[in-house]
Amino acid sequence: MQKTYKKYFPIFVIPTLVAFIISFVVPFFMGLYLSFCNFKTISSAKWTGLSNYIYVFSDTKGFISALWFTVKIALVGVVSTNVIAFALALLLTKGLKGTNVYRTIFFMPNLIGGIILGYIWQLLLNGILIKVAGVDLTYSATYGYWGIIILYNWQKIGYLMIIYIAGIQSISGDILEAARIDGANYLQTLKNIIIPLVMTSVTTCTFLALTDCFKMYDQNLALTGGAPADQTTMLAMDIYNTYYNRTGFAGVGQAKAVVFTVLVLVIALIQLRATQSKEAE
Amino acid sequence: MRKKVVSLLLAAAMTAALVGCGGSDSGSSTQDAGTADSAESTESSDSAESSDSADASGSGETAAASDYKGTIRFLNFKPEVSDAMQEIAKAYTEETGIDIQIETAASGQYESTLTARMDSSEAPAIFVVENATALSSWTDFCRDWSDTDLYASVKDKAYTLEADGKVCGLVYVLEGWGIIVNSEITDAYFASPNKSTEYTSLDELYTFDALKAVVEDMTALKDELGIKGVFGSTSLKQGDDWRYQTHLMNIPLYWEWGADVDINGAVPEFSFKNAENFKNILDLYLNNSVTEPNLVGTKTVDDSMAEFALGQCAMIQNGDWAWNTILNTDGKVVKDDKVRFIPITSGAAGEENMGLCVGGSQSFCINSQLPEEDQLAAIDFLTWLFSSETGKTMVAQKLQFVTPFTTMEGAEYTNPLFASENEISAAGKTAYSTTCNLIPNQTWKDDFGASLLLYAQGQKSWDDVVADAVAEWEVEREITNSTTGN
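The rules behind the values
- Residues numbered from 1 in each chain as written.
- Chains lettered and ligands numbered in written order.
- Predicted model: local features only at pLDDT ≥ 70, side-chain atom pairs only at ≥ 80, totals over all residues.
- Helix = DSSP H or I, 4+ residues; strand = E, 2+ residues; numbered from the N terminus.
- Buried ≥ 20, exposed ≤ 12 C-beta atoms within 10 Å, placed from the backbone.
- Contact = placed C-beta atoms within 7 Å.
- Core = buried A, V, L, I, M, F, W, Y, C linked by C-beta atoms within 7 Å.
- Domains from an automatic or database assignment.
- Pairing = 2+ DSSP bridges.
- Nonpolar A, V, L, I, M, F, W, Y, C, P; charged D, E, K, R; others polar.
- Right-handed = clockwise from strand over helix to strand, strands pointing away.
- Expected span 1.5 Å × (residues − 1).
- Bend = angle between axes of the 7 residues up to and from the residue.
- Axes fitted to C-alpha atoms, helices over the stretch in contact; angles between N-to-C directions.
- Parallel < 35°, antiparallel > 145°, perpendicular 65-115°, else oblique.
- Left-handed = near helix turned anticlockwise from the far one by under 90°.
- pLDDT = per-residue confidence, 0-100.
- Arc of directions from axis to C-beta.

## Some points on the overall build of chain A
Piece 1. Scanning chain A from N- to C-terminus turns up 12 helices and two strands.
Piece 2. Reading chain A from its N end, one meets helices and strands in the order α-β-β-α-α-α-α-α-α-α-α-α-α-α.
Piece 3. Over its C-alpha atoms, taken along the principal directions, chain A stretches across nearly 70 × 70 × 30 Å.
Piece 4. A burial count over chain A gives 38% of its 281 residues as buried.
Piece 5. When contacts within chain A are restricted to residue pairs at least 6 apart in sequence, long-range pairs at least 24 apart make up 75% of them.

## A closer look at the overall build of chain B
Piece 1. The number of helices and strands found in chain B is 19 helices and 10 strands.
Piece 2. Nonlocal contacts in chain B, meaning residues at least 24 apart in sequence, comprise 76% of its contacts between residues at least 6 apart.

## What to know about the nonpolar core
Piece 1. Of all hydrophobic cores here, the largest spans 135 residues; its most connected members are B:Ile180, B:Cys313, B:Met315 and B:Ala378.
Piece 2. Element by element, the count of residues in this core is highest for strand S5 (residues 166-182) of chain B, at 11 residues.
Piece 3. The two domains that each donate at least three residues to this core are domain 1 (62-176 + 360-418) and domain 2 (177-356 + 419-484) of chain B.
Piece 4. Excluding residues within four positions of it along the chain, B:Ile180 makes contact with B:Phe308, B:Met315, B:Ile316, B:Asn318, B:Ala322, B:Val339, B:Phe341 and B:Leu417.
Piece 5. Counting residues in each nonpolar core, the second largest holds 59 residues, with A:Phe106, A:Ile115, A:Ala209 and A:Cys213 among its members.

## Here we look at the pairing of strand S4 (residues 160-163) of chain B
Residues and elements named next belong to chain B.
Piece 1. Taken together, the four bridges between S4 and S5 define a ladder with antiparallel strand orientation. By the bridge assignment for S5, leucine 161 is matched with glycine 169.
Piece 2. Between the end of S4 and the start of S5, which pair antiparallel, lie two residues, with aspartate 164 showing a positive phi angle near 50°.

## A word on the domain arrangement of chain B
Residues and elements named next belong to chain B.
Piece 1. Each assigned domain of chain B is listed here: domain 1 (62-176 + 360-418) and domain 2 (177-356 + 419-484).
Piece 2. A straight line from the C-alpha centre of domain 1 to that of domain 2 covers 29 Å.
Piece 3. Across the boundary between the two partners, domain 1 contributes 17 residues, which contact 25 residues of domain 2.
Piece 4. Listed by contribution, the elements that provide at least two residues to the side of domain 1 that touches domain 2 are helix H5 (132-135), S5 and helix H17 (416-426).
Piece 5. Sorting elements by how many residues they give to the side of domain 1 that touches domain 2 places H17 first, with three residues.
Piece 6. Counted by class, the side of domain 1 that touches domain 2 contains six nonpolar, eight polar and three charged residues.

## Examining the pairing of strand S2 (residues 99-104) of chain B
All names here are of chain B.
Piece 1. For S2, a buried count of five out of six residues is recorded, marking the element as mostly surrounded by other parts of the structure.
Piece 2. Pairing geometry for strand S1 (residues 71-76) and S2, over six bridges, is parallel. Each bridged residue has a counterpart across the sheet, and for threonine 71 the counterpart in S2 is aspartate 99.
Piece 3. Note that the unit made of S1, helix H3 (residues 82-96) and S2 has a crossover that is right-handed.

## Remarks on helix H6 (residues 141-169) of chain A
Piece 1. When the terminal C-alpha atoms of H6(A) are compared, their 41 Å separation across 29 residues agrees well with the 42 Å that a helix rising 1.5 Å per residue should span.
Piece 2. Remark: the principal bend of H6(A), roughly 40°, maps to A:Lys156.

## Some thoughts on the packing of helix H9 (residues 199-215) of chain A against helix H12 (residues 250-276) of chain A
Residues and elements named next belong to chain A.
Piece 1. Where H9 contacts H12, the two axes come as close as 9 Å, and the packing angle between them is 165°. Between H9 and H12, the angle is such that the two are roughly antiparallel. Between H9 and H12 the crossing geometry is right-handed. Contacts between H9 and H12 pair Met199, Val202, Thr203, Thr206, Phe207, Leu210, Thr211 and Phe214 from the former with Val264, Ile267, Ala268, Gln271, Leu272, Thr275 and Gln276 from the latter.
Piece 2. Of the residues that constitute the contact of H9 with H12, the class distribution is nine nonpolar, six polar and no charged.

## What to know about unusual backbone geometry
Piece 1. Located in the positive-phi region is B:Phe272, a residue other than glycine, with phi close to 55°.
Piece 2. Mapped onto the secondary structure, B:Phe272 falls in the loop between helix H11 (250-257) and helix H12 (275-287).

## What about the confidence of the model for chain B?
Residue and element names in this part refer to chain B.
Piece 1. Mean pLDDT over chain B: 79, with 85% of residues reaching 70 or higher.
Piece 2. Put simply, helix H2 (residues 33-59) is where chain B has its lowest mean pLDDT, 38, and strand S7 (residues 313-319) is where it has its highest, 90.
Piece 3. In the model, residues 16-65 has pLDDT below 50 throughout and makes 56 contacts with residues more than four positions away in sequence or in other chains.
Piece 4. The ipTM, which scores confidence in the relative placement of chains, is 0.72 for this predicted complex, and the corresponding pTM is 0.73.

## As for H17(B)
The α-helix winds at 3.6 residues per turn, so residues separated by three or four positions along the chain end up facing the same way.
Residue and element names in this part refer to chain B.
Piece 1. Those residues of H17 not exposed but buried are Pro416, Leu417, Ser420, Glu421 and Ile424. The buried residues of H17 all sit within an arc of 145° when viewed along its axis, so they share a single face.
Piece 2. For H17, the secondary structure elements touched by its buried residues are S5, helix H14 (323-327), strand S8 (339-342) and strand S9 (354-366).
Piece 3. Two residues or fewer past H17, glycine 428 is found with a positive phi of approximately 85°.

## Considerations on the environment of A:Ala257
Residues and elements named next belong to chain A.
Piece 1. With respect to the element layout, alanine 257 can be found in helix H12.
Piece 2. Residues alanine 257 and alanine 236, 21 residues apart in the sequence, show an inter-C-alpha distance of 8.0 Å.
Piece 3. Leaving out residues up to four positions away in the same chain, alanine 257 has contacts with Gly31 and Ile239.

## Regarding the environment of B:Ser368
Piece 1. Mapping B:Ser368 onto the fold places it in the loop between S9 and helix H15 (372-387).
Piece 2. The residues contacting B:Ser368, other than those within four sequence positions of it, are B:Phe141, B:Cys142, B:Arg143 and B:Gln375.

## Observations concerning the environment of B:Tyr151
Piece 1. Mapped onto the fold, B:Tyr151 is located in helix H6 (residues 149-152).
Piece 2. Here the alpha-carbon distance between B:Tyr151 and B:Thr383, two residues 232 residues apart in the chain, equals 9.7 Å.

The structure is reproduced here in structure tokens:
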């Protein structure tokens, strides 16, 4: 069997591998090279060494503040989406009436594009804020911050919920039954059986939510656009603005993008290691 | 169980990839709605086009325009004429059989779209640069216009952009901006027995004091006049704030630097000497508006233009290009012959002799990196557009461009704002030159716009707005001047 796998390995893998190299590996290394250059179009790049990177870290107003704002979004966003999604998953695996309908409804927001969601939530939140506080979303970065958190939760919970549901359903009924016979109450079952057994799902979900938060662009653009005064600009948007809004700054934008990639990579690896060590085999 | 999880992960990864693609698509769809269509159709015609051009270059002949089998690609700068441009493309294709693909990217998106297209196999043959600063990064991509008929027909060589000893761009539209007035409403005010100013006509509103007195009195009488505010919403939403951070900024820049500053030269130093003038007129807009000052952060230019078209306000600061938007607003009540301009006044000395802000701000460039036949076809198209009878009518009535080309003389315009512009210049008023061309870059504009929004919301003092604008100008001025080699 193993031998057969080896024999057919190239046939199945090479097409994907080629596509992966062309559309991912090559652009990635081109991007890495360009981050050391001053350029307008790729064909006109001139090598400038480390100056782009030096600018990225000396310009505290742009990149660093965007990074800080993104971290704040990620901290709250990852925890809240996962906790709520897990709670919903528990609820919807209890065999309640209409479970499938609820699952579908909770999943649906995930099918709408971020830009549209952003505009819809902008209208909703502005409607409320204007009634209650007499101002709009652009008034304070706090409004923008919680706006993004609410929007992100609304969009992502259904998706993570489906993953958790699959995890919970794959727990063998024998184990739960044994626990019940041994006299474990619900909280004990949850803590000692369900959670350890869905740790693989937790790994997946936290990973997805974390990378999502760091890469967030369209929701940010449509909901706040960075207002007020770039205080709600997240990393991806800051990179875009750097790249296009100043003549001669494409290289700096590219350097920011490289720093961004490394950052997300490192955080994701740490997080994977941390949650994987808790997975029950 | 392990397998289940694995297959689930796979499914999850696939969905994530799908979501990812969807996300980036919707990101670019903030451009014009027409973009998606044209992008699709260009993709399908791509293979055919590349084989065509291979044939032509293989035979070693320079194809005459009529034999031209390729596609002329044009990256349009002005979203308000994107429909009209499609009509023109269709007319040209019917007349000559040559295919034209027009893609529109609005001003805030133009540089990014152009940069992306230039690196692709679908590089535009005709592209637009906004001013000399924007030209500096595209000089190598510009074909020299100097031996063309179109260049020969430019009235005044001030309407050309030169760099590296060649004519890189031809200004194709002269635009004027000021305050657009619905004179039906102002006439009702001037005729009102309840008014408390002595002014009786729009022709008297050439000083800020007069404008302020009339506007404030009109606000007091807004119920009688049937309006929600004198001015349309001050649209300070990010991306919709250009009427203030660029166009209104033209006024204090003009007064600071004077009429003689070279608008195609290096970015000068800036002290915001006339900040008080800017504040005067901005405060007047904010305090006499349809929308409360602390709610302007969500208002777009389209919102404001709709308010004007629907008769909810009497005045709005915008330019002659806005006529299309007004005309195409559903339920428009403003009458065509009641729309006219008055100048933007701000309380500066000598402003009573000034008219509108007028200038050519966008230039056509031909992409020199394309095969020669593509470039010639593009030039033929533009020549047709500005000198054939069909083309001229379309420019005058569909695009509504006032152009600097002698070939366009005698064309009949339908935009009432042009008539008003002509009246103002005929009355001997001096036009403000487009000093806003010298604003260093989009970063400065965006940050200044954001500052203005905070000021409107009462969260930032005017002194801080001025101080930040000046400090940031210095930073961006150096960045821009060092990249343009000035």
